[in-house]
Amino acid sequence: MADGEVPHPRTLEIHGTLQLEPAAVEARLKKIEEKLDARSDKGAWAWILDVLKTLLPSIVLALLGFALKDTVDQALREREIQLEAVKEMEKLVPDLQKTDLIRADAQAKAAQLAAFGRYSVPFFVNILEVGNQNAGVGAEDGLRMVARSEPAPVCAALQTVIQSRSGLYHWQTHLSALEILGQAGCTKACRDVADYRDHMSSVDNYNLWVSAPALQTEYDKVSKQASNTFEQLKRVQSTDCQ
Amino acid sequence: MLHHIHPGICKRIAIALAIFACSLAQAQLTNCKDPGPPEAFKIFVDEVRTPADSSAASLKVQEKLQSIHKFLYENLKAASGDNASVRDCGKRFPNDASDFDGTEFDGLDNLRVVLEVWGVLDDTVKGSGSIGFALVPARPLAPPAVYVVPSANLLNSLRQGKQMSAFAPLVLGIRQYQNRNYSDAVLLLCAGTQHLDSVLHGQTALADASFRTRQQELMKKVREITDSAIKEARKAPDSPYQVWTPSSDGTFACPQ
């Protein structure tokens, strides 16, 4: 080949196919659009759910608060009444403890206290424990009076007395508790009474239960009362006593 | 203040007061002003009064009442020794023997009171009157266990000593027997029986048939428990009662 000679263009032959499929492209685009649409819908739900998650505890609390409001109000009112009753009873209790009080007066004072219902029960139990002779008679009468209208708090308080084995109460208080449990028909205490009767076993053993030692005659008296109370309760409702 | 509490409470108070207004005429015994230690056996000495209002009595009568009370207190102290604590109960005084009902006896028993004594000076010039005794441990043996012993001259009877305080060793003996302390019971029962016999043979007391009958009933019961106490006491080894011999019917009694 000489200088200045322009080379002839070479023919390049390409073999292949260009396949154009417009329908498939459209379909793919549509899919992408759909996905984008779906994503935008899901985003709204997620947002709602997020808000709900944040608000839920507050909503539940508000609902509970609404539901409990009445109960709390009632409890507060109850507490208020109890405190006022205690204030009133505090004035009556020293009168009941006076030395120059005859039995009938002690009973009348106890009746006034018993009018405070279940709130008077702890006072009466305390008088049984520390009170003088006539006050003790009054306290027993007071507990019987409360038991006629509200047996549950009287039964519960006296059941606690006979469950005590740690020397918290005198034998005289145990004796009174057993007597009134029977008279008030406190059938829920039946098993405790049976347990009491069965486990007293001897005066020496019994003296471990009470705050000041009992003598043989006193032990016999309490033991007899426990048996009598059990029989009384069995007569009222034998099923609780099995 | 009450109207702030509860509408039902005021109503209940009114009902309760109405119920108890009816029972105000019952037992008139106040609490003993000095009930003594809870663990000891006790003898309550109540007031000595005239049948009329004692507080309105002349100074001389008041002094007499005080003397009788003092003698009674001292006699009982001597008769009970270390076995019981004698307590001056101040203004405590029964209106009637029936004040000593079951509730009163239970209350006294729970306080470990074995005997309660009171006096009435009927004739302030002659000094006649009576001494009342409530024998707490004797209630199950010979109810109602309340005795009123008349005397032509209270001060003289008390000066003679043992007669009026016979019940003290007796009730302490009964209580010791009930507590199954048989040896201690025998000594006290024998002392009480001996003293009580002298009361039974007093002329004034004998004039009262019902008193005599009731005393004899009590003595019968006391003899029964004395026999039982001696038999039980004899079971103890080295018991001094083992040398005692029974009578022909096999019963034991206190030596005369």
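Residues numbered from 1 in each chain as written. Chains lettered and ligands numbered in written order. Predicted model: local features only at pLDDT ≥ 70, side-chain atom pairs only at ≥ 80, totals over all residues. Heavy atoms only, no water.

**Regarding the overall build of chain A**
Item 1. What chain A contains, in helices and strands, is 9 helices and 0 strands.
Item 2. Along the chain direction, N to C, the helices and strands of chain A fall in the order α-α-α-α-α-α-α-α-α.
Item 3. Its C-alpha radius of gyration of 44 Å places chain A more than 25% over the 18 Å reference for a compact globule of 242 residues.
Item 4. Taking all 242 residues of chain A together, 38% fall into the buried category.
Item 5. Of the contacts made within chain A by residues no fewer than 6 positions apart, 67% connect residues no fewer than 24 positions apart.
Item 6. A total of about 15,200 Å² of accessible surface is found on chain A, and carbon and sulfur atoms cover 58% of it.
Item 7. The distance from the centre of the 27 positive side-chain charges to the centre of the 33 negative ones in chain A is 5 Å. (Helix = DSSP H or I, 4+ residues; strand = E, 2+ residues; numbered from the N terminus. Rg over C-alpha atoms; globule rule 2.2 N^0.38 Å. Buried < 20%, exposed > 50% of the residue type's maximum accessible area, 1.4 Å probe, protein only. Contact = heavy atoms within 4.5 Å. Areas by Shrake-Rupley, 256 points an atom, 1.4 Å probe, with all protein chains shown as cover. Lys, Arg positive; Asp, Glu negative; His and termini not counted. Charge placed at Lys NZ, Arg CZ, Asp CG, Glu CD.)

**Considerations on the interface of chain A and chain B**
Item 1. Taken together, the contacts link 39 residues of chain A with 38 residues of chain B.
Item 2. Counting across the chain A and chain B interface gives 5 salt bridges.
Item 3. One salt bridge connects arginine 180 of chain B with aspartate 220 of chain A, and the closest N-O pair in it is separated by 3.4 Å.
Item 4. Where chain A meets chain B, there are 17 residue pairs in polar contact (both at pLDDT 80 or more).
Item 5. The set of elements that each furnish at least two residues to the side of chain A that touches chain B consists of helix H1 (22-96), helix H2 (103-114), helix H4 (133-149), helix H6 (171-183) and helix H9 (216-236) of chain A.
Item 6. Of the residues contributing to the side of chain A that touches chain B, the split by class is 16 nonpolar, 10 polar and 13 charged. (Salt bridge = Lys/Arg side-chain N within 4 Å of Asp/Glu carboxyl O. Polar contact = N/O pair within 3.5 Å; in protein donor to acceptor, adjacent residues only side chain to side chain. Nonpolar A, V, L, I, M, F, W, Y, C, P; charged D, E, K, R; others polar.)

**A word on the state of the cysteines**
Residue and element names in this part refer to chain B.
Item 1. Inspection of every chain in the model, using the stated rule, returns 3 disulfides over all chains.
Item 2. Between the sulfur atoms of cysteine 190 and its disulfide partner cysteine 254 the distance amounts to 2.0 Å. Residues cysteine 190 and cysteine 254 are joined through a disulfide that is left-handed, its torsion about the S-S bond being -85°. Separated by 64 residues along the polypeptide, cysteine 190 in helix H6 (residues 182-200) and cysteine 254 in the segment after helix H8 (209-234) bring together distant segments of the chain. This pair shows no difference in class: cysteine 190 is buried, exactly as cysteine 254 is.
Item 3. Cysteine pairing in chain B follows 1-2, 3-4, where each cysteine in a disulfide is numbered by its order in the sequence. (Disulfide = S-S within 2.5 Å.)

**As for the packing of aromatic side chains**
The way to describe two aromatic rings as a pair is by their centre distance and the angle between their planes.
Item 1. With the rule as written, the count across this model stands at 10 aromatic pairs over all chains.
Item 2. On the numbers, 5.1 Å between centres and 70° between planes, the contact of tyrosine 196 of chain A with tryptophan 209 of chain A is edge-to-face. One end of the pair, tyrosine 196 of chain A, is in helix H7 (residues 190-199); the other, tryptophan 209 of chain A, is in the loop between helix H8 (203-206) and H9, with 13 residues separating them in the sequence. For the pair tyrosine 196 of chain A and tryptophan 209 of chain A, one class covers both residues: buried.
Item 3. Ring centres of phenylalanine 133 of chain B and phenylalanine 167 of chain B lie 4.6 Å apart, and the angle between their planes is 50°; this geometry places the pair in the tilted category. (Phe/Tyr/Trp six-rings, centres within 6.5 Å; stacked < 30°, edge-to-face > 60°.)

**Considerations on unusual backbone geometry**
Backbone phi values are negative for most residues with the exception of glycine, while trans is the configuration of most peptide bonds.
Residue and element names in this part refer to chain B.
Item 1. Put simply, proline 143 and proline 144 share a cis peptide bond, and its omega is 5°.
Item 2. In this fold, proline 144 is placed in the loop between strand E4 (129-135) and strand E5 (146-151).
Item 3. For arginine 112, which is not glycine, the phi torsion reads 65° and is therefore positive.
Item 4. Tracing the chain through its elements places arginine 112 in the loop between helix H3 (102-110) and strand E3 (113-121).

**With respect to the nonpolar core**
Item 1. Membership of the largest hydrophobic core comes to 64 residues, with the highest contact counts inside it found for Ile43, Leu76, Leu115, Leu135, Phe167 and Leu218 of chain B.
Item 2. It is H8 of chain B that provides the largest number of residues to this core, a total of 8 residues.
Item 3. Once residues within four sequence positions are removed from consideration, phenylalanine 167 of chain B is found in contact with Leu115, Phe133, Leu135, Tyr147, Val149, Leu196, Gln215 and Leu218 of chain B.
Item 4. Within the second largest apolar cluster, 56 residues are counted, among which are Ile180, Cys190, Ala194 and Cys241 of chain A. (Core = buried A, V, L, I, M, F, W, Y, C linked by side-chain atoms within 4.5 Å.)

**As for the packing of helix H5 (residues 151-163) of chain A against H7 of chain A**
Residue and element names in this part refer to chain A.
Item 1. Across the interface, H5 lies against H7 with an axial gap of 10 Å and an inter-helix angle of 25°. The angle between H5 and H7 places the two elements in the roughly parallel class. Regarding H5 and H7, the two cross each other, and that crossing is left-handed. Facing Gln159, Ile162 and Gln163 of H5, the residues of H7 in contact are Asp192, Val193 and Tyr196.
Item 2. Class assignment of the residues belonging to the contact of H5 with H7 gives a composition of 3 nonpolar, 2 polar and 1 charged. (Axes fitted to C-alpha atoms, helices over the stretch in contact; angles between N-to-C directions. Parallel < 35°, antiparallel > 145°, perpendicular 65-115°, else oblique. Left-handed = near helix turned anticlockwise from the far one by under 90°.)

**Focus: the sheet that holds E3 of chain B**
Residues and elements named next belong to chain B.
Item 1. The strand order across the open sheet formed by 5 strands is E2-E1-E3-E4-E5, and the pairing between neighbours is mixed. Each edge of the sheet is formed by a strand with only one pairing partner; in this case those strands are strand E2 (85-88) and E5. Sheet twist, expressed as the average angle between the axes of neighbouring strands with direction ignored, equals 20°.
Item 2. Of the pairings in the sheet, the one linking strand E1 (residues 42-49) to E2 comprises 4 bridges and is parallel in character. Within the sheet, the bridge partner assigned to phenylalanine 44 lies in E2 and is arginine 87.
Item 3. Against the sheet, H3 contacts E1, E3, E4 and E5, and its axis sits at roughly 125° relative to E3. (Pairing = 2+ DSSP bridges.)

**Looking at the pattern of salt bridges**
Residues and elements named next belong to chain B.
Item 1. Within the structure shown, the criterion is met by 26 salt bridges over all chains.
Item 2. Put simply, arginine 92 and glutamate 116 hold a salt bridge, and the shortest N to O gap is 2.7 Å. Remark: glutamate 116 occurs in strand E3 and arginine 92 occurs in the loop between E2 and H3; sequence separation between them is 24 residues. For the residue pair arginine 92 and glutamate 116, the accessibility class agrees, reading buried in each case.

Scope: geometric values only; no functional claims are made or implied.
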